[in-house]
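# What the coordinates show
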Amino acid sequence: MLSNGLPDLIALAFESACDPERVQDLAVETGRYFAADAAAIMIWPRRSPEHLLAVPHGVSEQAVVEWVGAGIGPGTLRHHLENQAPLETFDGPSPAAPGSGWPDGAVLGTVINADDTNIFAMLLVRRAPGRFSRADHDSLRELTGYLRRSVDLNKRFIRVYAENRAARVLLDSAPRGILLLGQRGQATYLNEEARRICGAADGIQLENDELQFNDLGAAEAFKSFLAEARADAPDGGQPPTAGMKITRPSEAPPYQLIAYGLGSDSRQAALDEREGLAVAMLHDPSEAEVPDERLLKTYFGLTPAESQLTQSLCEGRSLPLAAEKNSISVNTARTHLRSVFQKVGVHSQAALVQRIIQSLHFANPMD
């Protein structure tokens, strides 16, 4: 039981907007606060009240569904709720009738939110004689006002979370390493390819979340870029960009890095060092770039056999080696290749590989 009255109830409203398991607690505690014998929090599609979802206290869910769905004419509960301005309250007699499951008494109700799709409402029923007081109306409006705000905030959080999750899935499938850098130059996000490159510690690695380079020239160039990115750009000025090659102890082809400033706001940066300062893209030329079979089918209409041969050629294999990898004869490989040339619109293997890579956005970022 809540000890501090309405403030605790408002806090519970915020919690219930973020945690569905707390909605039942909200129904119970709201009923107790208003000395009601029954309470229900409800949401239903405007055009399909039979699909109403109810969280009741002191009455069965079926009784709530039957009451709301009993009719839409003037004077019915559903008419009240679907035509009520959000956060305004109304009262009236209980729908008590033999077998209804509702206590006989007075009703206090409000619509928390309503749009073209859904109705979100709350009802209280009290057996005591007489209607709910004006103070009860005021308290219910205050409570549901906070509940509405918390629901709106939660919707926005869910939308941002969903968009962020979708973006991460997309970025993790990218063939380039992508890093988001905070105000210290620290990595606040790395996609899968960036994690692989930094984890290899072959000329570039993370130390305390900051990029470190074995190549002193690249390290100095990157440091200068970060300093320029932190400077407030003049009105109309463009954020800085930088490109550099990073030599590797393994003597593999140098990594290639492009960094883009995001535009700095010194006031915002002072409040949050994770505020985005720049985006860096990393390319490892030693990694073969193999287009996905589904994309080859979608963009060029290649068959599975043609796609597999094309993938082998993009990995740098000659036609005989590509045929051997795919367990086909060289003559069959030539037949597939002629069909691929026709579909892609090229006349040589070199042109084919270049067209495939460019068309599927696998082009070298430093070219």
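Residues numbered from 1 in each chain as written. Predicted model: local features only at pLDDT ≥ 70, side-chain atom pairs only at ≥ 80, totals over all residues. Heavy atoms only, no water.

Another aspect to go through is the environment of Ala121. Residue position: Ala121 is located in strand β5 (residues 118-126). Accessibility expressed as a relative area gives 0% for Ala121, which makes it buried. Sequence-distant contacts of Ala121, that is, excluding residues within four places in its chain, are made with Ala40, Ile41, Met42, Trp44, Leu81, Thr110, Val111 and Ile112. (Helix = DSSP H or I, 4+ residues; strand = E, 2+ residues; numbered from the N terminus. Buried < 20%, exposed > 50% of the residue type's maximum accessible area, 1.4 Å probe, protein only. Contact = heavy atoms within 4.5 Å.)

Before going further, it helps to examine the environment of Pro253. Tracing the chain through its elements places Pro253 in the loop between β10 (241-246) and β11 (255-261). With a relative accessible area of 37%, Pro253 lands in the partly exposed category. Along the chain, Pro253 and Pro285 lie 32 residues apart, while their C-alpha atoms are 6.1 Å from each other. Setting aside chain neighbours within four positions, we find Pro253 in contact with Arg248, Pro285 and Ser286.

Here we take up helix α3 (residues 61-68). Looking at α3, one finds that the buried residues are Ala63, Val64, Trp67 and Val68. The arc that holds the buried residues of α3, viewed along the axis, is 125°, so those residues lie on one side. On its buried side, α3 packs onto β1 (38-45), β2 (53-57), α4 (77-83), β4 (106-114) and β5. (Arc of directions from axis to C-beta.)

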